[in-house]
Amino acid sequence: MRARPTIAFIAITSALVFGAAIAPASAATTTVTTVGEFTTALADCSSAPNTIVIGADIVDAANTLTVPCDTTIDLTTNDLTLRTLNIAAGVELEITGPTDGTEGVLTTNASSTSQAAIRTTGATLRVTGGEVHATGGFYGTIGGDEGSGGTFIVEGGTVTAISNAVYGSAIGGANGGGDPGGDGGVVTISGGSVTAITNSPYGVAIGSGAG
């Protein structure tokens, strides 16, 4: 008797190894009412990009504060008054708030300093609402302080920049003492209202510092 052929079925099982997905940290929204709460929230990059909601009028006219990671400051209807604000390189700071006349005001006043009121060298400042009022010192106002202006974008809200620098600019690069400083950076205005004023015959309203 003829032997029947034996047919062997070989099952090949593919083992699929799924790595555990690591979810990014959730962005945080924090409401602050004091200088201490504001500086703590500003320095916390563990959950960036963060939104800091200004829940009461806050004043810190003596210190320079740094924005170390992507942050949105929602002024709501309250005012935030600072001496100077430095945005770290590679970081974007967005200022927002109402635009119906109830908006709060971010005020920075670098008078009698060699710093920009809001320093954007290598960084981005975006305004989508609220009001920003910046007064510069010896060098630039919104932009560089003896450096380039970075990126400045206005999509809404109201911005007023006043330069008291001899060679600096209200918005853009700075130029200390007539020596070559930074370029004007990139300025894009697609909405809102922007006023740039220089009080020097050698200064620049928007652009790179004179000289």
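Rules of the game
Residues numbered from 1 in each chain as written. Predicted model: local features only at pLDDT ≥ 70, side-chain atom pairs only at ≥ 80, totals over all residues. Heavy atoms only, no water. Helix = DSSP H or I, 4+ residues; strand = E, 2+ residues; numbered from the N terminus. Contact = heavy atoms within 4.5 Å. Areas by Shrake-Rupley, 256 points an atom, 1.4 Å probe, with all protein chains shown as cover. Core = buried A, V, L, I, M, F, W, Y, C linked by side-chain atoms within 4.5 Å. Buried < 20%, exposed > 50% of the residue type's maximum accessible area, 1.4 Å probe, protein only. Pairing = 2+ DSSP bridges. Salt bridge = Lys/Arg side-chain N within 4 Å of Asp/Glu carboxyl O. Polar contact = N/O pair within 3.5 Å; in protein donor to acceptor, adjacent residues only side chain to side chain.

## Concerning the overall build of the protein
- Across its full length, the protein carries one helix and 17 strands.
- Partitioning the intrachain contacts of the protein with sequence separation of at least 6 by distance along the chain shows that 63% fall at a separation of at least 24.
- Of the roughly 10,300 Å² of accessible surface on the protein, a fraction of 53% belongs to carbon and sulfur atoms.

## A word on the nonpolar core
- Ranked by size, the top nonpolar core spans 34 residues in total, and within it F38, I54, L80, I95, L125 and I142 carry the most contacts.
- It is strand β5 (residues 80-87) that contributes the most residues to this core, four residues altogether.
- If we ignore the near neighbours within four places in the chain, the residues touching I142 are I118, T120, L125, A134, F152, V159, A161, A170, I171 and G172.

## What about the pairing of strand β7 (residues 105-109)?
- Note that β5 and β7 share three bridges and pair parallel. Looking at β7, one finds that L80 is bridged to L106.
- Relative to strand β10 (residues 131-135), β7 is paired through five bridges, and the arrangement is parallel. Directly across from V105, in β10, lies its bridge partner E131.

## Some words on the pattern of salt bridges
- The full count for this structure, using the stated rule, is three salt bridges.
- Across the pair E92 and R126 runs a salt bridge, and its minimum N-O distance is 2.8 Å. Placement of the pair is E92 in strand β6 (residues 92-96) and R126 in strand β9 (residues 124-127), with a sequence separation of 34 residues.
- For E92, a relative accessible area of 27% translates into the label partly exposed.

## Considerations on the side chain of S169
- Within the secondary structure, S169 sits in strand β14 (residues 169-172).
- By relative accessible area, S169 is classed as buried at 0%.
- Looking at S169, its side chain comes within polar contact range of the main-chain oxygen of G207, at 3.2 Å.
- Those residues within four positions of S169 in sequence are excluded, and the remaining contacts are G140, T141, S163, V204, A205 and G207.

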